[in-house]
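Examining the three-dimensional arrangement
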There are 6 protein chains.
Amino acid sequence: MSIADFQPLHSGSVPRFAGPSTFMRLPMATPEQVDIALIGVPFDSGTTNRPGARHGPREIRNQSSLVRRVHHVTGVSPFDQVRAGDCGDVVVNPLDLLGALDTISSFFAGVHRAGARPLVVGGDHLITLPVLRGITSEPVGLIHFDAHSDTYDEFFGNRYNHGTPFRRAVEEGLLDPKRMVQIGIRGAISDAENYDFARAAGIRIIFIEEFVERGIDAVMAEARSIVGGARTYVSFDIDALDPSFAPGTGTPEIGGFTTREAQAMVRALAGLNIIGADLVEVSPPFDPSGVTAMTGATLLFELLCVMAGSNAG
Amino acid sequence: MSIADFQPLHSGSVPRFAGPSTFMRLPMATPEQVDIALIGVPFDSGTTNRPGARHGPREIRNQSSLVRRVHHVTGVSPFDQVRAGDCGDVVVNPLDLLGALDTISSFFAGVHRAGARPLVVGGDHLITLPVLRGITSEPVGLIHFDAHSDTYDEFFGNRYNHGTPFRRAVEEGLLDPKRMVQIGIRGAISDAENYDFARAAGIRIIFIEEFVERGIDAVMAEARSIVGGARTYVSFDIDALDPSFAPGTGTPEIGGFTTREAQAMVRALAGLNIIGADLVEVSPPFDPSGVTAMTGATLLFELLCVMAGSNAG
Amino acid sequence: MSIADFQPLHSGSVPRFAGPSTFMRLPMATPEQVDIALIGVPFDSGTTNRPGARHGPREIRNQSSLVRRVHHVTGVSPFDQVRAGDCGDVVVNPLDLLGALDTISSFFAGVHRAGARPLVVGGDHLITLPVLRGITSEPVGLIHFDAHSDTYDEFFGNRYNHGTPFRRAVEEGLLDPKRMVQIGIRGAISDAENYDFARAAGIRIIFIEEFVERGIDAVMAEARSIVGGARTYVSFDIDALDPSFAPGTGTPEIGGFTTREAQAMVRALAGLNIIGADLVEVSPPFDPSGVTAMTGATLLFELLCVMAGSNAG
Amino acid sequence: MSIADFQPLHSGSVPRFAGPSTFMRLPMATPEQVDIALIGVPFDSGTTNRPGARHGPREIRNQSSLVRRVHHVTGVSPFDQVRAGDCGDVVVNPLDLLGALDTISSFFAGVHRAGARPLVVGGDHLITLPVLRGITSEPVGLIHFDAHSDTYDEFFGNRYNHGTPFRRAVEEGLLDPKRMVQIGIRGAISDAENYDFARAAGIRIIFIEEFVERGIDAVMAEARSIVGGARTYVSFDIDALDPSFAPGTGTPEIGGFTTREAQAMVRALAGLNIIGADLVEVSPPFDPSGVTAMTGATLLFELLCVMAGSNAG
Amino acid sequence: MSIADFQPLHSGSVPRFAGPSTFMRLPMATPEQVDIALIGVPFDSGTTNRPGARHGPREIRNQSSLVRRVHHVTGVSPFDQVRAGDCGDVVVNPLDLLGALDTISSFFAGVHRAGARPLVVGGDHLITLPVLRGITSEPVGLIHFDAHSDTYDEFFGNRYNHGTPFRRAVEEGLLDPKRMVQIGIRGAISDAENYDFARAAGIRIIFIEEFVERGIDAVMAEARSIVGGARTYVSFDIDALDPSFAPGTGTPEIGGFTTREAQAMVRALAGLNIIGADLVEVSPPFDPSGVTAMTGATLLFELLCVMAGSNAG
Amino acid sequence: MSIADFQPLHSGSVPRFAGPSTFMRLPMATPEQVDIALIGVPFDSGTTNRPGARHGPREIRNQSSLVRRVHHVTGVSPFDQVRAGDCGDVVVNPLDLLGALDTISSFFAGVHRAGARPLVVGGDHLITLPVLRGITSEPVGLIHFDAHSDTYDEFFGNRYNHGTPFRRAVEEGLLDPKRMVQIGIRGAISDAENYDFARAAGIRIIFIEEFVERGIDAVMAEARSIVGGARTYVSFDIDALDPSFAPGTGTPEIGGFTTREAQAMVRALAGLNIIGADLVEVSPPFDPSGVTAMTGATLLFELLCVMAGSNAG
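Read on for a plain summary of the structure. (Residues numbered from 1 in each chain as written. Chains lettered and ligands numbered in written order. Predicted model: local features only at pLDDT ≥ 70, side-chain atom pairs only at ≥ 80, totals over all residues. Heavy atoms only, no water.)

This brings us to the environment of valine 73 of chain A. Tracing the backbone shows valine 73 of chain A in the loop between α1 (56-63) and β2 (84-89). C-alpha separation for the pair valine 73 of chain A and phenylalanine 107 of chain A, spaced 34 residues apart in sequence, amounts to 35 Å. (Helix = DSSP H or I, 4+ residues; strand = E, 2+ residues; numbered from the N terminus.)

Taken together, the contact pairs 21 residues of chain D with 21 residues of chain A. Between chain D and chain A, the buried area comes to about 1500 Å², and carbon and sulfur atoms account for 64% of it. Counting across the interface, chain D meets chain A through 6 residue pairs in polar contact (both at pLDDT 80 or more). (Contact = heavy atoms within 4.5 Å. Buried area = accessible area lost by both parts, 1.4 Å probe. Polar contact = N/O pair within 3.5 Å; in protein donor to acceptor, adjacent residues only side chain to side chain.)

Taking C-alpha atoms as the reference, chain A and chain C come no closer than 12 Å and do not contact one another. Of all C-alpha pairs spanning chain B and chain F, none lies closer than 12 Å, and the two are not in contact.

Attention now moves to the pairing of strand β5 (residues 175-185) of chain A. All names here are of chain A. A large share of β5 lies buried, amounting to 9 of its 11 residues. For the segment spanning strand β4 (residues 140-145), helix α4 (residues 165-171) and β5, crossover handedness is right-handed. For the segment spanning β5, helix α5 (residues 196-201) and strand β6 (residues 204-207), crossover handedness is right-handed. (Buried < 20%, exposed > 50% of the residue type's maximum accessible area, 1.4 Å probe, protein only. Right-handed = clockwise from strand over helix to strand, strands pointing away.)

What follows covers the relation of the copies chain D and chain A. Rotating chain D by 180° and moving it 0.0 Å along the rotation axis overlays it on chain A with an RMSD of 0.0 Å. Each copy turns onto its partner about a two-fold axis. Taking the C-alpha atom as reference, chain D places proline 285 of chain D closest to the rotation axis, 2.8 Å from it. Interface overlap between copies is the fraction of interface residues in one copy that are interface residues in the other; for chain D against chain A it reaches 100%, indicating a shared surface. (Least-squares fit on C-alpha atoms with pLDDT ≥ 70 in both.)

This next bit is on the relation of the copies chain A and chain E. Note on the copies: chain A fits chain E at an RMSD of 0.0 Å, the axial shift is 0.0 Å, and the rotation between them is 120°. In symmetry terms, the pair is related by a three-fold rotation axis. Judged by C-alpha distance, serine 244 of chain A is the residue of chain A that lies nearest the rotation axis, at 3.3 Å. Little of the interface of chain A is mirrored in chain E, where only 3% of its interface residues are also at the interface.

Rendered as structure tokens:
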């Protein structure tokens, strides 16, 4: 099947409130049919406080009908450059935390074998761990937008939850800590030792205060140089954004990114060797207006463009 | 394709928050493949006051994942009796009122030719007119649950809007007024002459006060005798329900049906010769909790059961 | 000015979302011009728990555009029987509780002198006291729909608040306790002695449990016989309704009236000698969907009809 | 400590919006100090669809400040009959389903040893299983109000979730199926065989349809005779109520109980030998208006009264 | 009548929650009586996706009671410089798109003949077209704040909708494309050719990215030089703002203006020859908190000040 | 009792949704036991427009469970530097404005005598007056973040309301106007003379426009120099923030601070001689998402840190 088979419904022909609710109004597809596979992982059993991210994929599909085809800065449509399709949701058991991780990693191993790059929609942040397990067997780089470092060792004695994925991924050899950068970190923490693991491992943490002081260009130039040209994964936790832009999430922290800043940072990833990306922690029960899911859907479009090479000026 | 091909996703295997959002978690289908075709008509340009019902099909699909397979009173599943599928939405132009009516009637003429009976999800109540145009060329009977008679002649000089469909359908010979019954009518009206057309034509209007006095059994026995065994259409306006049960609608009227009463009335349609049915006027922008769409989805299941013969004790 | 000058905007000519927002889309008027004066009292400084009823008049005006002209049971329009107009709001100081009571009573004394009967929109229930002060100098009868008896002696040492108006009114000789009936009372109370004053004074309290057991007809027949043919005031606290019908109020109590029951009870007041009425305690900040204000507006229409003689079968 | 030490804050002295937020404004206490221990179990990891009930205890505490001291039907205060206190929340790990069950059962074993009867606030319905494990070692009777039988064998291959607690409790010898009655059951089910276990075991299921037909008195008389005078547990799932009364729950089903009916049924438990009770499945993220938590708090008061002997006429 | 007759109600005398709900608490007026006529156009039948802007004028009136008299930067009140009044709503038929355009243009032709400059409150953006038809017969300049260029040729084959008004206005000779500037444009588009018409015609489009780079001063200096001293219209689509500031609109796009930026830009219009202005696309059904209407009301005040000459430092 | 006795519950041990709801999950305490006393003043009877701030303390307690222990910029925990505890709410009569002021000032006089510095949670802004009366008998300095100057002389003839506290405090000799600075002032005002009192007295008003132009560093340097090293009070009105960050307040004004700016400004208070601070005007009924209360709780943590010396880089 060709690119022509993977075009979104046109908002000038089929009203955006009509028709099936798929990611960006794309056709349903198998990973074998596409270059970039949009996949939902409706799982939030790794959440330590407010659950609800399991409902993220459905609402992001719903709100993504507000997104259109062509990036306004470049005038280029990612759908003219790659085949992208909605490959559905991973069917994941909310009652079995460790079993669910296996289900997810198996699913993404299949996506990887099919030759598609995944663009993943969470779910809570724990899902990044099994996605990485599925798509790489050696350490990759990471550009990570988040309010939280998510490198805790455990919560309530449990080592697998949405506060620990990046520590686990480093320990498991899925991420190369020297090629990891975390941007936007902020908020009161439980322990001053929280960042010790990250620092000892060589992970670069850019607090929001440093970001504000240095600006987007300097920070993203550094981020690009940290990951370099080798294989890199991008993880975007919606709580990286300020709660005024993204209230619908489980662990909001004030003082975060504006959407303008987020868009500029994602566009600055152009040309990197991106093997996959995710957008996580949109929690619809805390998002009555739908604005967080809408914002998530738009950032997903920016991520798709950068993976397809469509939004760099 | 057989009945086995048209089973909803099982809530004990695929979590209800996962997987594609279709009516009752059914597969997408063409009218040719099914006995009963669930179809959305996302159209509200016939609305005289508060719009939003165009978003009804999507939200009812979303909330219908709360519905399961087997009717609890009879222990029978409609999906074991008929092939039912989600046949998508009619692609309808919100900017061209009369053109949209033609699009809708053509679509349903196709459904009719394919041999499927439609179970329609609105949209505002004007859509009943083109659905009837599509599926019948001679007068049929009508059982109509509503707060409003919808037999006005015009609003703002316009003869085609959600306050007029049943008058137009009678005039066009699509409905037999002697075989029409309207149940639940109430609320202040613009003109005392409002009901004159209906009465002159022989339409039986059962105000909510009469319903309360006589009870469900007597009213539904009369309704059944009015339409008899000949071809009959069922139209359920969600504002027939009291706003406490269905706040998300454009023209709420207090003093309406409970859901218990509505379920009992729909079940009392068992055995009638139903050629199609609709559920209209769910307006998601006025339904922030989603309870109206959820209620609509459940009543849709009851309507499906009565069309399939699954919910009569 | 004649009745023709006091007709609501017609919903078939001027869309209900257009035009000025007045009570029932009526013209603004002075009390001198009308028979029944709709008046807002945006005051809630007598509230002991959750404030917000000061915003009631505005939202009830807003939602009252959903109400139309003619009562559906009788086919009669109150606007064909009496001159009714929107006489605006009393300008009342939220910072001076006792001063505000004087402002309100002076205003209603003026309405009374002008010869109009007031139909009042609160505001919290304390406003009934100054309304009565304004319109009567001798004890009148009372039919009172409420979850609470509002005959406490004081809260926090204060004798004038929304839990005490009927005790004060009896003490001040504005109400004749032998001609008072309270219907729908329920909910846990602070003191078992709460009802002692009422009982000692001879006020008839009909708890919701008695109402459920005896039914609307018996209860309203008793209520009518209690007040008899002499001058009577009607006070409807929206929290008489169950919170499922009227969530937007400061002191909700479960187990209350349905709107059907409320409508039937108000209609059963037909023919009484009603010198004024109020509908109080709609609190828009606790009513995000607007359904409580809409319900209040509809009950206001029923009250208007009973004052005009338009809704008795 | 005496009964005088366990009085709620008085709403006429301390405004209900002030002061600490505890269950019914009671003092914090240890189980040793009280006769009836109000305890929160903020756990929802047994939820198969929409999570959020973990936030139930906090919001029910919050809304319970609307509840007062004395039951209005009897004029009796439970706080004059028993010592009741807020014994806090069980500290339960959301990430370890089976471990959490052990934590909960240990906690309630301690309550039982201390001689207090628990009045439990969920959390999802799975918590009833470990509560029973903690307070009894032999089969007890059960009166169970719910939309769902919760006697499934498993979901997604998992045997411990909020659809299975009563099957597990029967299997473990904690409940005597011959002394079990489930009232209010309704809604489409996944399998017709769903109720086979219950029926084979001898559990009495009263569907909502039977309830409507026979009425409260007959149903509750039967329920009382089923459990008899021996030790009995009461479990109230808030989704037994219709969603119009209790929208804030994970698995709403239309056609449920009114709050009036629920209050009457709980009061009809007077005189039974109740060893404990729970109220579960209030899910604040789906309850933006707080009305479900407020309703839950009020039913908790009715349950407390029946355990204390204060609300029987 | 003099300026003294057109003063808003004073918030220190009449509480802002009291009194009639008019634009900025001004008196109702005819266009003949005022210099600047505030007029609502409750029309959204030109909407291609999410309707609701028809309710804009009412909610903006409601929220405008939060606005006061004197601009804080200059200490000058526009009400001391011009006579401004609330001239009501255009009575417009939601069911007849082309007819409605005629009604609107006739109304504004009357305003123009009366000598008043209109300050218009939408309604969807299509209304700008008939407003221009009413107030000019030759091309004027335009300063246009928006996320969207609104220069599409058609949607669903329809040439008159809220995505096309500026193309139609240029074609009809109402706007001079060489004197047009659009500021804040962004968001994915349906076609790369979207902007071709605008560019070919000579319209200056300033994307949000250019705005961010160059800053308010440079952009507004250019905008002022583009329109020069000749007759100019100002159109402000609320979706020019970021959705965090204005969620209540039909087509939100992330990455938009802050309110600070918007205020600064409007103030920078001081001294231009403004013949009229509008503020459109506030959609109350998507604005549950009312913050968008409140923001719209405040920007309306800034527009009024610039038309009156009161907010330039 | 030592610092070890005043540690918040740890979010890695006790889930944040569990356990008692106190400020920052701290133990309840008496002022005698602590260095810094967190105290709620649930009072809003000084509100001139939209009430609701009386519910602020409870919701800020609730949302403060999202706050953790250690400031991320410094790695220092205030709870390791000072003893801080939740000292409950002042029991204040909503029905007696002047009496309530006396209750509040007496309470804080007690706190002052106990040797604790108060960190106060409102309530409306009028409460700052009695707090000052309680803790100082001579003029102190003030750093005041707000959209409004709150130096009006009266509203509706009343001199004690939330628009007047700072004028009264100057008049009463509680504040030294020469050591007062107000930052973020903006929004249309009732009278141009509004600021005359402030200017005459020597109060420094920094409008938001000046703030934007000069930047945080310059403004805060000036603010610090104005108050100098002598005793200073800090008052933070949540409406200083833009409504996109803090919608839940009674008198929102667009164009306000971001949370980033607010955090930076509070941190810039490090080292000042702060005798007490407050955070006021969070109004939960206007904050359905809870984001304003969450923001308030986080700023409260920043204020606590600055009082403890923990958040300066």
